[in-house]
2 protein chains.
Amino acid sequence: MSDADQVIETDEQDEDAYALTGKTVAAILDAVEAEDAALLTELMEPLHAADIADLLEQIDSDKRHRLIALYGKAFDGEILSELDESVREDVIAALSPEVLTEAVRELESDDVVDLIEDLEKIHQQVILEALEASDRVAVERALTFPEYSAGRLMQREVVMAPEHWSVGEAIDFMRAAEDLPEQFYHIILVDPRLRPVGHVTLGKVMSSRRQEKLADLAEPSFRTFSVTQDEEDVAYAFNQYHLISAPVVDDEGRLVGVITIDDAMIVLSEENEEDILRLAGVGPESLSDTTVQIVKQRFPWLFVNLMTAILASLVIAQFEATLAAVVALAVLMPIVASMGGNAGTQSLTVAVRALATRDLTGSNALRVIRRELVAGFLNGCVFAVLMGAIGILWFGTPMLGVVIGLAMIANLVIAGLAGILVPLTLDKVGVDPALASGVFVTTVTDVMGFFAFLGLAAVLML
Amino acid sequence: MSDADQVIETDEQDEDAYALTGKTVAAILDAVEAEDAALLTELMEPLHAADIADLLEQIDSDKRHRLIALYGKAFDGEILSELDESVREDVIAALSPEVLTEAVRELESDDVVDLIEDLEKIHQQVILEALEASDRVAVERALTFPEYSAGRLMQREVVMAPEHWSVGEAIDFMRAAEDLPEQFYHIILVDPRLRPVGHVTLGKVMSSRRQEKLADLAEPSFRTFSVTQDEEDVAYAFNQYHLISAPVVDDEGRLVGVITIDDAMIVLSEENEEDILRLAGVGPESLSDTTVQIVKQRFPWLFVNLMTAILASLVIAQFEATLAAVVALAVLMPIVASMGGNAGTQSLTVAVRALATRDLTGSNALRVIRRELVAGFLNGCVFAVLMGAIGILWFGTPMLGVVIGLAMIANLVIAGLAGILVPLTLDKVGVDPALASGVFVTTVTDVMGFFAFLGLAAVLML
């Protein structure tokens, strides 16, 4: 197939679906079923490594192994990089040693680090031994940096130039260089001690005369990261300042690597994913996890929820006499708690996101707390009138309407306050508010909701 | 201040906090209070436009206006681009016409489009009139593309070359060009009809000999987008295939612009943010919204929740006789519903995310449904034993333990199934599952939870 053909084929795919279509998956599985290696290779050819990884994640383990065996040597190292962790070990185990060796050798050292850091020791060893000696050293060195640090994220291959060089010198140097990185966007300017002092975009270098000084073309804003810096901070800075690439320096400020936006984008997606799942009380779960894995991952949160639900029941138990006297209370009781829980979830989600994006700070916390208080009160009043009216119409007891109305106001105010104060407090003491806010807030709204409703009923109706 | 000083200063800022510190905010507000323009300018100097935008979002409207007045001509157009929509109109209204004109003229046309597309017509006009004629035409043309389309997202400034050019020809062309874009990463190769056929990274151009053909250096994989394509699809493709920039073509396949990764990253963040907020029943809310705005935005979801809570209460009302006979049922009743709601939220969050990242497809839906069913049953059994024992110990009625245990199993199975089937169905009929799944799933778990628990009690205990 000529290059031109390939371009057109990729183009067509863009139009209707770059995500793997069901039709393609079915055709591929048919080819595996028929053990038709030639057809399989032809069907896989136009797919990007990321798509092949998705395919391997979507099919079950048995089909996955048969596909890998049939696909054989065509297996590309990049597929391993793209695979979800939960499937990665299974795929590595299924690859023949020769295919694995060749696949891993194709990868850049930072991709190998990313690939093996979460693998079991045995699998790590297999892959390290597959690497050439120089790459193995680079990977082992990267693994000495803390997990989730800039040092793990960076690539060691950098393009740098002395700060006094001209455009012409830089171009001649690059043209002569044998091992430029696959992707780079800036030339990093360094002082004689290899400390980065600025960087120049390739576009600027391209469009300038040979005799111009690189230092005069340097970008106005320039940031470096330390090898030990948290990858979350790095991703935040890339997003906030629209960085494309940024140098990484060691303790003495010397250039040791570079982080590019595609790495930062992956971290940012992961952080977002983690926040969403944590808010719902789910661990780092993926679709390819087994049933037992998800049962285990979901159990702890459900258990915590059971404890808080029992706490709420203990509150209800204090009012058994009241409930026995007015059964209508048992009918309406869940409404107050449910409304409080929902209002609390709204406030806490906004607060957790604002903390994550660093929009909620000491400078505006007080204003935001006041806003939640007033908003809770206003919505509380509206729902008090609504629900009060419904209570009266339904059960024909005016005092029941008053009780549920007042309880509604109380619980929505409490929900608003808990929704902002709980995440702020957790953040202050260094706990991820996405992880724990939900339990605290719904416990508060359940307990206070039942207490306000049944307590008011006991005082006003008995 | 020399360039070297500036580099060191930015560097230091990196170390402790690139996010605006509370100290900096306080110092800036003091300078505004003291009306010390020189001090204000000095304090603002090291801040990136994104930080200044954050600052303006964090302080209240009165301080914001005084800061803008004092800051005067130093106000940069990029700050407007970075501002949250909720504050943008307020800031634009506060700027003097001269400052606004100058600020807007600094921006590239795609940034102006992004800036004004959500503004009120009056503010749009003010900004359009501030632009030079050629830019105004470009912006007006971009606004003819559908909202949230690739056409709105792209920049019109592209660097392209005929497919038969050599590296030398490309470099000479770029060096002679007057108006190259601020940031570009590829040279796009076009055929004689201006249709893109591939692209070459600047790094490859840099490191190759002058006589080499650009076509021989083209990247192996290459994707284009149509002007009308949804920006969400574009962002997905950038993330999935690690794109840095990609050409945008019109209906005839001709090159009309280019989208770069930083634009895609912004869209991706927005989509994620939207998903998180929607899952919690919150609209596009921001911290700088007024109290009235958030009351209005949160009301509809709370109202829907009230309706579903009333539905659940209607179910409870069917069992008034049972509740009157066994008050302990009222005490334990919320536990079953609460556990079901939480388990349902876990499943649905995983499903909604998997749909968003296109990991959940027709190929694996059945397997995922079966997994949720079994996981719900397994966790249901564990909690049935736990809660059954608690019920017996607490109230001394063995049958109460049996009832709550069976209800727990039923509701956790239902929760698992609803958590996956509801998002899948909504996705199939074209409704965003993040938006509506929560209501449906918790309604199902509440209604079924109460029904299973009270129904079993009515049958087994009366």
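Keep in mind that what you see is a predicted model, and the values were worked out from it rather than measured. (Residues numbered from 1 in each chain as written. Chains lettered and ligands numbered in written order. Predicted model: local features only at pLDDT ≥ 70, side-chain atom pairs only at ≥ 80, totals over all residues. Heavy atoms only, no water.)

Residues and elements named next belong to chain B. Following both chains from N to C, one finds helix 4 (residues 49-58) and helix 5 (residues 61-71) inclined at 140 degrees, their axes separated by 9 Å at the closest point. Our classification of the angle between helix 4 and helix 5 gives oblique. Contacts between helix 4 and helix 5 involve Ile52, Leu55, Leu56 and Glu57 on the former and, on the latter, Arg64, Leu67, Ile68 and Tyr71. Each residue belonging to the contact of helix 4 with helix 5 can be placed in one class, and the counts come to six nonpolar, no polar and two charged. (Axes fitted to C-alpha atoms, helices over the stretch in contact; angles between N-to-C directions. Helix = DSSP H or I, 4+ residues; strand = E, 2+ residues; numbered from the N terminus. Parallel < 35°, antiparallel > 145°, perpendicular 65-115°, else oblique. Contact = heavy atoms within 4.5 Å. Nonpolar A, V, L, I, M, F, W, Y, C, P; charged D, E, K, R; others polar.)

Residues and elements named next belong to chain A. Taking the numbering used here, the UniProt-annotated feature "transmembrane region" (unreviewed entry) corresponds to residues 299-319, 325-352, 373-396, 402-426 and 438-461. The annotated region residues 402-426 carries 100% helix and 0% strand content, and the separation between its end C-alpha atoms amounts to 36 Å. For residues 438-461, the end-to-end C-alpha separation is 33 Å, with 100% helix and 0% strand making up the annotated structure. (UniProt positions renumbered as here; feature names shortened; annotations may be inferred.)

Now for a negative patch on the surface. Together, Asp76, Glu78, Glu102, Glu106 and Glu182 of chain A give the surface a local cluster of negative charge. Residue placement: Glu102 of chain A occurs in helix 8 (residues 97-105). (Patch = residues over 30% accessible without salt bridge, like charges linked within 9 Å, V, L, I, M, F, W, Y side chains within 5 Å. Areas by Shrake-Rupley, 256 points an atom, 1.4 Å probe, with all protein chains shown as cover. Salt bridge = Lys/Arg side-chain N within 4 Å of Asp/Glu carboxyl O. Lys, Arg positive; Asp, Glu negative; His and termini not counted. Charge placed at Lys NZ, Arg CZ, Asp CG, Glu CD.)

Right, let's get into the packing of aromatic side chains. When we look at a pair of aromatic rings, we describe it by the centre distance and by the angle of the planes. For the structure shown, the criterion picks out 13 aromatic pairs over all chains. On the basis of an interplanar angle of 15 degrees and a centroid distance of 6.1 Å, the ring pair of Phe225 of chain A and Phe238 of chain A is categorised as stacked. Here Phe225 of chain A, found in strand 4 (residues 225-226), pairs with Phe238 of chain A, found in helix 16 (residues 231-241); they are 13 residues apart in sequence, far enough to count as distant. Given a relative accessible area of 0%, Phe225 of chain A falls into the buried group. A residue is classified by how much of its surface remains accessible, and Phe238 of chain A, at 1% relative accessible area, is buried. Judged by centre distance (4.9 Å) and plane angle (20 degrees), the rings of Phe299 of chain A and Phe383 of chain B are stacked. Linking Phe299 of chain A in helix 18 (residues 291-317) with Phe383 of chain B in helix 21 (residues 365-395), this pair reaches from one chain into another. (Phe/Tyr/Trp six-rings, centres within 6.5 Å; stacked < 30°, edge-to-face > 60°. Buried < 20%, exposed > 50% of the residue type's maximum accessible area, 1.4 Å probe, protein only.)

Further remarks concern the UniProt feature "domain: CBS" (unreviewed entry) in chain A. All names here are of chain A. The UniProt feature table records "domain: CBS" (unreviewed entry) at residues 154-217 and 218-274. Taken end to end, residues 154-217 has its terminal C-alpha atoms 25 Å apart, with 30% of it in helix and 22% in strand. Taken end to end, residues 218-274 has its terminal C-alpha atoms 37 Å apart, with 44% of it in helix and 23% in strand.

Another aspect to go through is the domain arrangement of chain A. All names here are of chain A. For chain A, the assigned domains read domain 1 (3-144), domain 2 (160-279) and domain 3 (291-461). A C-alpha centroid distance of 48 Å is found between domain 2 and domain 3. Contact with domain 2, which involves six residues of that partner, is made by 10 residues of domain 3. Where domain 2 abuts domain 3, roughly 810 Å² becomes buried across the two surfaces, and 50% of that area is made up of carbon and sulfur atoms. Sorting the residues of domain 2 by area buried against domain 3 places Tyr236, Arg278 and Leu279 first, and these three jointly supply 70% of that buried surface. At the surface where domain 2 touches domain 3, the tally comes to three salt bridges. Among the ionic pairs, Asp275 bridges to Arg353, the shortest N-O distance being 3.2 Å. For the side of domain 2 that touches domain 3, the secondary-structure elements that each account for two or more residues are helix 16 and helix 17 (261-279). Among the elements that line the side of domain 2 that touches domain 3, the one with the most residues is helix 17, at four residues. Among the residues making up the side of domain 2 that touches domain 3, the classes are represented as two nonpolar, one polar and three charged. (Domains from an automatic or database assignment. Buried area = accessible area lost by both parts, 1.4 Å probe.)

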